[in-house]
Amino acid sequence: MKKQLLLVVAALALALALIQTTRAGDPDILTDYVIPANTPAPVDGGFFTFTGMRALVSSPFPSTFKVFKAGMEQFPALNGQSVSYAVLMYPSGTVNPVHTHPRSAELLFLVQGTLEVGFVDTTNKLFTQSLQQGDVFVFPKGLVHFQYNADAKNPAVAMSAFGSANAGTVSLPNTLFNSTIDDTVLALSFKTDVGTIQKLKAGLKG
Ligand SMILES: *[C@@H]1O[C@H](CO)[C@@H](O)[C@H](O)[C@H]1NC(C)=O
């Protein structure tokens, strides 16, 4: 009897572990939507509307690479919905520096211009593509990737969808050379000298 109970517990634990590993989005919520505690009641359609993108429709094109996010932080109604957006604007010759999103894949739709994109998988294989206006590209979850507008004259605009309300961004230049990781640790990690590390750090200082 005791042995049977143990088996049932073990089977349940395994099933739970499998469910955890196969879940693709954010954890499920037990309500239709999540209203933050400080929201004045009652909520209406306005709570489910994000107007933060209006600014980019009416403003002139930015002079540096810019990301406009509609994630959980900017748009609280996304909490628990496993979706978010970003609009990316690339003046000619600009890059979205190498980075990863720890909690989601990224589905990029090129609205305007051309874009050089790429990601590196966990076997260190690089995949690149020259995107034309109208193309859609997927950056798999968690992998290091970038976008570069190589066009000397024309800007590019892309929209990215994420399967998380808070996909997170780990920018490699910033994380490695603009945090407070010890110079010696970085020099040893990159098989170089402390002077080279300090030079890299100097370029990223605010
Ligand atoms: C480096 O860090 C500083 C301080 O957090 C910040 O102001 C600056 O924007 C960062 N540089 C880059 C390139 O992100």
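Let me begin by describing the structure that accompanies this report.

Conventions we followed
Residues numbered from 1 in each chain as written. Predicted model: local features only at pLDDT ≥ 70, side-chain atom pairs only at ≥ 80, totals over all residues. Heavy atoms only, no water. 1 Å grid on protein atoms, 1.4 Å probe; cavity = no way out; pocket = protein on both sides within 12 Å on 5 of 7 lines; lining within 4 Å. Points joined across faces, edges and corners; volume = space filled by probe spheres on them. Helix = DSSP H or I, 4+ residues; strand = E, 2+ residues; numbered from the N terminus. Buried < 20%, exposed > 50% of the residue type's maximum accessible area, 1.4 Å probe, protein only. Pairing = 2+ DSSP bridges. Axes fitted to C-alpha atoms, helices over the stretch in contact; angles between N-to-C directions. Contact = heavy atoms within 4.5 Å.

Thoughts on the layout of surface pockets
- A volume near 400 Å³ is recorded for the largest pocket.
- Surrounding the largest pocket, 24 residues form its lining, Val-67, Lys-69, His-101, Gly-168 and Thr-169 being those nearest its centre.
- At the level of elements, β1 (66-70), β2 (84-90), β3 (95-100) and β9 (156-162) are the ones that each hand at least two residues to the lining of the largest pocket.
- With four residues, the top contributor of residues to the lining of the largest pocket is β2.

Comments concerning the pairing of β2
- Across the seven residues of β2, six count as buried, placing the element largely inside the fold.
- In this structure, β1 lies alongside β2, joined through five bridges in antiparallel fashion. Bridge assignment links Lys-66 to a residue of β2, and that residue is Met-89.
- Inspection of the sheet shows β2 paired to β9 by seven bridges, in the antiparallel sense. Residue pairing in the sheet places Val-87 in a bridge with Met-159 of β9.

A look at the sheet that holds β9
- Spatially, the five strands line up as an open sheet ordered β1-β2-β9-β4-β7, and their pairing is antiparallel. Two strands bound the open sheet, and with one partner strand each, they are β1 and β7 (136-139). Sheet twist, expressed as the average angle between the axes of neighbouring strands with direction ignored, equals 20 degrees.

Let's talk about the environment of Leu-186
- Examined against the element boundaries, Leu-186 turns out to sit in helix α4 (residues 183-189).
- According to the relative accessible area criterion, Leu-186 is buried, its value standing at 2%.
- In this structure the C-alpha to C-alpha distance between Leu-186 and Thr-196, which are ten residues apart in sequence, comes to 9.8 Å.
- Dropping the residues within four chain positions of it, Leu-186 is found in contact with Leu-176, Phe-177, Ile-181, Ile-197 and Lys-201.

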